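Here is how the chains run, residue by residue.
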Amino acid sequence: MELPAGTAGTSHAELLAGVRSWVESPPLRALVARFGGDWPAGDLAAVLAGLDVFSARRWDFRQGRERPDAREPAFDPQTAGLVLAAATALGLVRATPPARSGYAHLLVLGGLAHACLRRTAYAALLAATARVDGEVAVLGSFRPLSPAESAVLAGAGVPGCATEVDVLDAGVRLAFGVDEPAQESGGPADHPHRAWSSRTYRPAGLPPVRVLAAPSSEPERRRAHTADTQRFWAEHVRLRAGDPVLMVTAPIYVPFQHCDALRTLAVPYRCGIETVGVDPAADVPVPVPEPTLTPGRYLQEVRSALRSMRALHAALTTD
């Protein structure tokens, strides 16, 4: 199933049609039925609301925890096979190459430590093979690393990292072959939810690479999330209408993060958004383990995609 189109100039009606096509697709209907759900009645808003409630009851294994701490459910082989088939059809499994030969900007989303290293390495590969007229922007936060992440970094020989943005910075230095930033700035560090930092590197023969950590838009409640970093970056780079932007994440997160970027970047800035997952066969400069993606993980991210599409739908229909 194709995701809502991210081409610059896509109308609200076309985006809504893309949301409807993905949400009402046979693979998702089959998943809901397999887990004992009745398909919600009503218009698209009602369907999205009903699926949000259903997925919270049946597919939310995090229960407010970070992804690595989610409960792992046990499924019979038939159910596990159906989940994998649906996840594949819905675009959460296979990596696809970029569709264009050139972009205005290349965005790299942060994540867990191993993902930060893989995504920065893949971004370096893409920047060397596709034209990037503006910058490579690597977006992270001051989220403290877990003991497990620190252990992964120690095993990979990447010391001195305390936060997600530290790992992204280390990944950029390794993948792009740079040592010191050409420019560096930041905001108050007295509160981790209010702090921000920006480091720009200038690798030879490649576009500039900016490693950016954004402040939270709700600092009293939470740390910065992906939408905060995307908006913060768009304001810094002066994103223009019509700019085609390529975004890199992991395949399992492509549907939900693509729709988040449509809501936070494509709709307000009228730019284009294309989202790709890291090719697992791509080389990385340091050996990091590839996590095992289970049926429970896929169901959790189907839920994330549904919630992201619900937020996109609300943004498109609320004026």
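Residue numbering note: each chain is counted from 1, following its sequence as written. In keeping with the model being predicted, local features are shown solely for residues with a pLDDT of at least 70 and side-chain atom pairs are shown and tallied solely at 80 or more, while totals for entire chains, interfaces and linings include all residues. The basis for every side-chain value is the complete set of non-hydrogen atoms in the structure, without hydrogens or water.

Participant: Please clarify how the overall build of the protein chain should be interpreted in this entry.
Facilitator: To qualify as a helix, a DSSP run of H or I must reach at least 4 residues; to qualify as a strand, a run of E must reach at least 2; elements of each kind are numbered from the N terminus. What the protein chain contains, in helices and strands, is 10 helices and nine strands. Considering only C-alpha atoms, the protein chain reaches an extent of 55 × 45 × 40 Å along its principal axes. If you take every contact in the protein chain between residues at least 6 apart in sequence, the share linking residues at least 24 apart comes to 71%. For this count, His and the chain ends are skipped, Lys and Arg are scored as positive, and Asp and Glu as negative. Note on charges: their place is set at NZ of Lys, CZ of Arg, CG of Asp or CD of Glu. Distance from the positive charge centre (32 side chains) to the negative charge centre (33 side chains) of the protein chain: 3 Å. We call two residues in contact when some of their heavy atoms are within 4.5 Å.

Participant: I tried to follow the packing of helix α1 (residues 12–23) against helix α10 (residues 295–317) on my own but got confused; where do I start?
Facilitator: Two quantities define a packed helix pair, namely the angle between the helix axes and the distance between the axes. Note on method: axes are straight lines fitted to C-alpha atoms, helices fitted across the in-contact stretch only, with angles between N-to-C directions ranging 0 to 180 degrees. Their axes nearest at 10 Å, the elements α1 and α10 cross at an angle of 155°. Considered as vectors, α1 and α10 are oriented roughly antiparallel to each other. Read as a crossing pair, α1 and α10 show a hand that is left-handed. Only A305, L306, M309, L312, H313, L316 and T317 of α10 make contact with α1, whose side of the interface consists of H12, L15, L16, V19, W22 and V23. Relative orientations are named as follows: roughly parallel for angles under 35 degrees, roughly antiparallel for angles over 145 degrees, roughly perpendicular for angles from 65 to 115 degrees, and oblique for any other angle. Handedness of a helix crossing follows the sense of rotation of the near helix relative to the far helix, less than a right angle counterclockwise being left-handed and clockwise being right-handed.

Participant: How should I be thinking about unusual backbone geometry in this particular structure?
Facilitator: Generally, phi is negative for residues other than glycine and the peptide bonds are trans, each holding for most cases. Despite not being glycine, R238 shows a phi value in the positive range, around 60°. Relative to the elements of secondary structure, R238 occurs in the loop between α8 (226–237) and β8 (244–249). Type-normalised accessible area, obtained with a 1.4 Å probe on protein chains alone, sets the label of each residue: buried when under 20%, exposed when over 50%, and partly exposed for intermediate values. Exposure remark for R238: the relative accessible area of 70% places this residue in the exposed category. If you check the backbone angles, R270 has positive phi at about 60° while not being a glycine. Along the chain, the position of R270 falls in the loop between α9 (254–269) and β9 (272–277).

Participant: Where do I start with the layout of surface pockets in this structure?
Facilitator: A probe as big as a water molecule, rolled over the atoms, marks out the empty space that is left. Quantified by volume, the second largest pocket comes out at close to 640 Å³. For the lining of the second largest pocket, the elements supplying multiple residues, two or more each, are β8, α9 and β9. Put simply, Ala, Val, Leu, Ile, Met, Phe, Trp, Tyr, Cys and Pro go in the nonpolar bin, Asp, Glu, Lys and Arg in the charged bin, and everything else, Gly too, in the polar bin. Looking at the lining of the second largest pocket, its residues break down into 17 nonpolar, 10 polar and four charged. A pocket here means an open set of points on a 1 Å grid, computed over the protein atoms alone, that has protein on both sides within 12 Å along at least five of seven lines. A cavity is instead a set of points where a 1.4 Å probe fits but cannot get out; residues with an atom within 4 Å of a point line either one. Grid points are joined across faces, edges and corners, and a volume is the space filled by probe spheres set on the points.

Participant: Where do I start with the side chain of S216 in this structure?
Facilitator: Mapping S216 onto the fold places it in the loop between β7 (209–213) and α8. Looking at S216, the relative accessible area reads 9%, which means it is buried. N or O atoms within 3.5 Å of each other form a polar contact, as long as, within protein, one can give a hydrogen and the other can take it, and as long as residues adjacent in sequence are counted only when both atoms are side-chain atoms. Among the polar contacts made by the side chain of S216, one reaches the main-chain amide nitrogen of E218 at a distance of 2.9 Å. Aside from chain neighbours lying at most four places away, what touches S216 is H193, R222, R223, A224 and D228.

Participant: What is the right way to look at helix α7 (residues 164–176) in this model?
Facilitator: One full turn of an α-helix is made of 3.6 residues, so residues set three or four places apart face in the same direction. How far a helix is expected to stretch is found by multiplying one less than its residue total by 1.5 Å. Taking 1.5 Å as the rise per residue, α7 with 13 residues should run 18 Å; its terminal C-alpha atoms sit 18 Å apart, in good agreement. If you check which residues of α7 are buried, you get E164, V165, V167, L168, D169, A170, G171, V172 and F176. Backbone geometry just after α7 places G177 at a positive phi near 65°.

Participant: It is not clear to me how the pattern of salt bridges should be interpreted in this structure. Could you clarify?
Facilitator: The salt bridge criterion pairs a side-chain nitrogen of Lys or Arg with a carboxyl oxygen of Asp or Glu, the two atoms within 4 Å. Scanning the entire structure with this criterion turns up 17 salt bridges. A salt bridge links R307 to D52, with the nearest nitrogen and oxygen atoms 3.8 Å apart. Of the two residues, R307 is situated in helix α10 and D52 in helix α3 (residues 44–58); the sequence distance between them amounts to 255 residues. Residue classification places D52 among the buried positions, given a relative accessible area of 12%. Residue R131 pairs with D133 through a salt bridge whose shortest N-O separation is 2.9 Å. For R131, a relative accessible area of 46% translates into the label partly exposed. Judged by relative accessible area, D133 falls into the exposed class, the value being 54%. Three or more residues joined by partner-sharing salt bridges are found here, namely D169, R173, E180, E184 and R199.

Participant: Would you mind showing me how to read the packing of aromatic side chains here?
Facilitator: In this description, an aromatic ring pair is defined by two values, namely the gap between the centres and the angle between the planes. What counts as a ring pair is set by centres within 6.5 Å for rings of Phe, Tyr and Trp (its six-membered ring), and what kind of pair is set by the plane angle: stacked under 30 degrees, edge-to-face over 60, tilted for all other angles. Going through the model one piece at a time under the given rule, you end up with five aromatic pairs. Geometrically, the ring pair formed by F35 and F75 is edge-to-face, given 5.6 Å between the ring centres and 85° between the ring planes. Taken together, the residues span a long stretch of sequence, with F35 in the loop between α2 (26–34) and α3 and F75 in the loop between α3 and α4 (77–89) at a distance of 40 residues. Their ring planes at 65° and their centres at 5.6 Å tell us that W196 and F232 sit as a pair that is edge-to-face. Taken together, the positions of W196 in the loop between β5 (183–186) and β6 (197–201) and F232 in helix α8 put the pair 36 residues apart, joining distant regions of the chain. Taken together, the ring pairs connect F35, F54, W59 and F75 into an aromatic cluster. Think of it as a cone above the ring: NZ of Lys or CZ of Arg counts as a charge over the ring if it is within 6 Å of the ring centre and within 35 degrees of the ring normal. The positively charged end of R29 is found above the aromatic ring belonging to W39, 4.3 Å away from the centroid. The ring of Y103 is capped by R100, whose NZ or CZ atom sits 5.8 Å from the centre of that ring.

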